[in-house]
Structures are given as structure tokens and as C-alpha cells.
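Here's the letter readout for the chains.
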Amino acid sequence: MMAVAEGTFALEPTMEPMANGSLVAVPVHFSAERDGVVMGMNGVDLLRIEGERIAEVWLFSAGQLGEDEFWGSA
């Protein structure tokens, strides 16, 4: 993502993480710029923790169609 966004990809938590067993939900705001087009939106990153490591990640975006258009086939 960082290469495609020419080093502009940024991800910031917007609230404290919320944990339930091995699952952690993190509300985030993310943004990037690509070929002069700016994309920014809110979302939730859902992590499954195994031991002390992230085992799986699911990303939910507030504007999935806009995000898909921004990243294209990258």
C-alpha cells in the first residue's frame, strides 16, 4: 500500500481498541494519495491475536466502493 500510495498512506486510530477474547477492533481513519487523487475515510480494523502476534486481519471501510476505485488493481 505504501508503494502504490507513493509513501503517503497513513493510518490513525480514532478511538481506543476494543478487545473481546482474541479479537480486537480498532476504529481508524486512513488516507492516501495516488496520481493526484486523495482518498481518506474511516473504518474498523478487526485483528485476531494469537499469542503475542496478529494472526489475521479484517478491514472494514466506510466507503468501500471509493476505496476500491482508489486502489484499483494495485
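Here the structure is a predicted model, which is why all the values come from computation and not from measurement.

What counts, and at which threshold
- Residues numbered from 1 in each chain as written.
- Predicted model: local features only at pLDDT ≥ 70, side-chain atom pairs only at ≥ 80, totals over all residues.
- Heavy atoms only, no water.
- Core = buried A, V, L, I, M, F, W, Y, C linked by side-chain atoms within 4.5 Å.
- Buried < 20%, exposed > 50% of the residue type's maximum accessible area, 1.4 Å probe, protein only.
- Helix = DSSP H or I, 4+ residues; strand = E, 2+ residues; numbered from the N terminus.
- Contact = heavy atoms within 4.5 Å.
- Patch = residues over 30% accessible without salt bridge, like charges linked within 9 Å, V, L, I, M, F, W, Y side chains within 5 Å.
- Areas by Shrake-Rupley, 256 points an atom, 1.4 Å probe, with all protein chains shown as cover.
- Salt bridge = Lys/Arg side-chain N within 4 Å of Asp/Glu carboxyl O.
- pLDDT = per-residue confidence, 0-100.
- Arc of directions from axis to C-beta.

Asker: So what exactly am I meant to see when it comes to the nonpolar core here?
Answerer: Membership of the largest hydrophobic core is limited to 12 residues, which are A5, F9, V24, V26, V28, F30, A32, M39, M41, L47, F70 and W71. Breaking this core down by element, the ones donating at least two residues are β3 (23-34), β4 (37-50) and α1 (64-71). The biggest single contributor to this core is β3, with 5 residues. Those residues within four positions of V26 in sequence are excluded, and the remaining contacts are P13, P17, G43, V44, D45 and L47.

Asker: Just to check I follow, could you spell out a nonpolar patch on the surface for this structure?
Answerer: On the surface, L23, V44, W58 and F60 cluster together to form a nonpolar patch covering roughly 340 Å² of accessible area. Inspection of the secondary structure assignment puts F60 in strand β5 (residues 53-61).

Asker: Even after reading the chapter, I still don't get the side chain of D45, so can you show me in this structure?
Answerer: Mapping D45 onto the fold places it in strand β4. Apart from residues lying up to four places away in sequence, D45 is in contact with L11, V24, A25, V26, V28, W58 and L59.

Asker: Would you mind going over the confidence of the model for the protein chain with me for this structure?
Answerer: Low-pLDDT stretches of the model should not have their predicted coordinates read in fine detail. On average, residues of the protein chain carry a pLDDT of 94, and 97% of them reach 70 or more. Looking over the protein chain, one finds the lowest element-wise mean pLDDT in α1, namely 90, and the highest in strand β2 (residues 18-20), namely 98.

Asker: In this structure, what is going on with α1? I would like to understand it.
Answerer: Think of an α-helix as 3.6 residues a turn; residues three or four steps apart then line up on the same face. Taken together, the buried positions of α1 are occupied by E67, F70 and W71. Down the axis of α1, the buried set is contained in an arc of 85 degrees. They therefore lie on one face. Exposed residues lying more than 90 degrees from the buried face of α1 are L65 and E69. The inward-facing, buried residues of α1 contact β3, β4 and β5. The positive-phi residue at the C-terminal boundary of α1 is G72, with phi of around 55 degrees.

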